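Examination of the molecular architecture
Single-letter residue listing:
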Amino acid sequence: MQLKIEIDFAFAVGSKLLLGGWAVVDSNMSTHPLQFDGEPASQLLLYKREDVSQVMQCSSEHCSGFLVVLSDATNKSSVDLSWGDDYCSIEITPSLYTTLLAEISPLPQNLITDATALLERNGFYWGQKALKFDENTPNNLSLFHKDSKIQVDYTYTLDANTILLIGWVLDEARLFKRINLRINNIITNCILKDAFFHPRYDVAETLKLPLSQGEKIGFAFTVSLPEQVNPDVELMYSVDGVFFQGQALKAEQFNREETWLTEILLTNVDITNTAKFPKLAKHVNSAIEKCWRGRLEAPNSALVKQFGASVATPRLSLIIPIYGRYDFVQIQMSQFSLDPDFDNIEIVYVLDDPRIKHAFMVTCQGVFETFGVPFKIVLSERNLGYAGANNLGVAHASAEYIVLLNSDVIPKQIGQFSALLSQFVENDNMGILSGTLLYEDNTIQHQGMEYMQDPSHPGMWMNYHPQKGFPLSLTDEFDIRDAHAVTGALMLMTKQQYIDVGGFDIGYILGDFEDSDLCMKVRNQNKRIAVSGVVQMYHLERLSQSLVSGNTWKHTLSMLNGLRHTNKWNDRIVEVMAENG
């Protein structure tokens, strides 16, 4: 008897094909490996088929049942097999395909675990149905089992490799044993164990439940794959621990406002729970960063307009982003107009808020006519955030030296920018130099920043401002001193240095911690980070910002940036702390 093969069933998911059946040979089956289309042994499971040996009237050692997964079986109509020197090809007809992957009755119980592992490793599972995906497949769904419920509110693709699922699970009775996704024939980790869970009080209120039941039911689940993701997603859930049921979801390309998704993900998130930091970073930080990067990295046709004659060979370029409030332009320019040094200083305003373009342009025209100081404006076609706006401004700067400046920073007296530049040039190995920033009452807002662990946010390095709020007159005078980091509200450095380290990292969404991140990048090039005690300016802290809303999610986002900063620089910060005692 030569090699004889029978296929009992075929089940396809994407490019993969699962075949179940049996084989009979004319000697002991273990003499040679049974091979299917050259698939490795890890894709094949063999088991005894006593029923086959009885029907075929052969020894049980001469036959075997099999489960095999073919990795690339798109439009496959036949499969080639070999056993030793025996070869055959068997046709896979449409009648062999099943729409339900049910338990295989001849499969011994002691091999169920191995069979399940083979299936799940390749994106299959027991109880799986052949689902239909089309243009009407939803990106949300509701599933009930007795009094328990799974709700998927949104399914989005954030980039070519990432899918985000947002929803909630109400399961007081713990009926759901597993909830997974199948994407690209890959079964993800269990949502119940791996997702980031957070309060959904809105769900509890809508369902008229005690608010305590909404404490840990909301989830965010981000899946990133090395290859491009297929938007056809299968949500799989199990109530018995073995068999799954599946529902079809279609991931939509995310194209809504980034602030909307950021608020959805961060509302009611407790940023002080250190134990949740890894899942927060994996499922929330990454999703927010990816949704913003799509906009921040897209081509941006910036319009440049010059008011007055441009400075021919400026010693210094000031980069000043504008978002929301633009009235500070009048205040700054009124002070700049008093300083003769501005004959050699280039002013570059970057409008990062297209909504106020017309009003800003009218204001700029009036400011130039009133004060006569030339300046340039760069109009971004979209909001880039603080980091992106500065990067755009630096790209349009003409001088060798640049100052990153907030629009609410006002020099205390004339000559301050020239003095800051002189200190930068005269001190060796300078990387970034900032100045002393004061509140209106001459108390200190900034004289350099130090890293510290904040008890209210355990596990995170925070940027601490020593002597903040102290009267300047009661502090020691100094010329220049090194600092762990300095504020982005006032930073002087060379344009080339800024470019060499990649500028501000746009991954710090909407601002905060990108300044200390830049300091770390420059420090890693063995350059000094320092602050001037003689250059003093007023800083109307955060008045230049038009906050997106008054909700707590904005603070949570700032702390999320802090967590990102900590994850990126923790080891280096520890070294800096040790170096400075």
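Here goes a summary of the coordinates provided. If you're wondering where the values come from, they're calculated on a predicted model, not measured in any experiment.

**Quick look at the state of the cysteines**
What the rule picks out here adds up to zero disulfides. C58 forms no disulfide, and the closest cysteine sulfur to it belongs to C63, at a distance of 4.4 Å.

**Brief notes about unusual backbone geometry**
A positive phi angle is found at K146, which is not glycine, with a value near 55°. With respect to the element layout, K146 can be found in the loop between β10 (141-145) and β11 (148-159).

**Structural notes on the layout of surface pockets**
Put simply, the second largest pocket is a space of about 460 Å³. What lines the second largest pocket is a set of 16 residues, among which V169, R174, F197, K216 and I217 lie closest to the centre. Its residues placed into classes, the lining of the second largest pocket shows seven nonpolar, two polar and seven charged.

**Regarding the pairing of strand β13 (residues 178-183)**
Remember that side chains alternate between the two faces of the sheet whenever the strand is regular. The buried fraction of β13 amounts to five of the six residues, a majority that puts the element mostly inside the structure. Sheet topology note: the β13/strand β14 (residues 186-187) ladder contains two bridges and is antiparallel. If you follow I183 over to β14, its bridge partner there is I186. What sits between the antiparallel neighbours β13 and β14 is a turn of two residues, in which N184 has the positive phi angle 55°.

**Structural notes on the sheet that holds strand β7 (residues 86-91)**
In spatial order, the strands read β3-β6-β7; together these three strands make up an open sheet with antiparallel pairing. Across the chains shown, the open sheet's two edge strands, defined by having one partner strand only, are β3 (34-36) and β7. On average, adjacent strands in this sheet sit at an angle of 20° to one another, irrespective of strand direction. Bridging between β3 and strand β6 (residues 78-83) involves three bridges; their strand directions are antiparallel. Within β6, the position partnered with F36 by the bridge is L81.

Conventions we followed
- Residues numbered from 1 in each chain as written.
- Predicted model: local features only at pLDDT ≥ 70, side-chain atom pairs only at ≥ 80, totals over all residues.
- Heavy atoms only, no water.
- Disulfide = S-S within 2.5 Å.
- Helix = DSSP H or I, 4+ residues; strand = E, 2+ residues; numbered from the N terminus.
- 1 Å grid on protein atoms, 1.4 Å probe; cavity = no way out; pocket = protein on both sides within 12 Å on 5 of 7 lines; lining within 4 Å.
- Points joined across faces, edges and corners; volume = space filled by probe spheres on them.
- Nonpolar A, V, L, I, M, F, W, Y, C, P; charged D, E, K, R; others polar.
- Buried < 20%, exposed > 50% of the residue type's maximum accessible area, 1.4 Å probe, protein only.
- Pairing = 2+ DSSP bridges.
- Axes fitted to C-alpha atoms, helices over the stretch in contact; angles between N-to-C directions.

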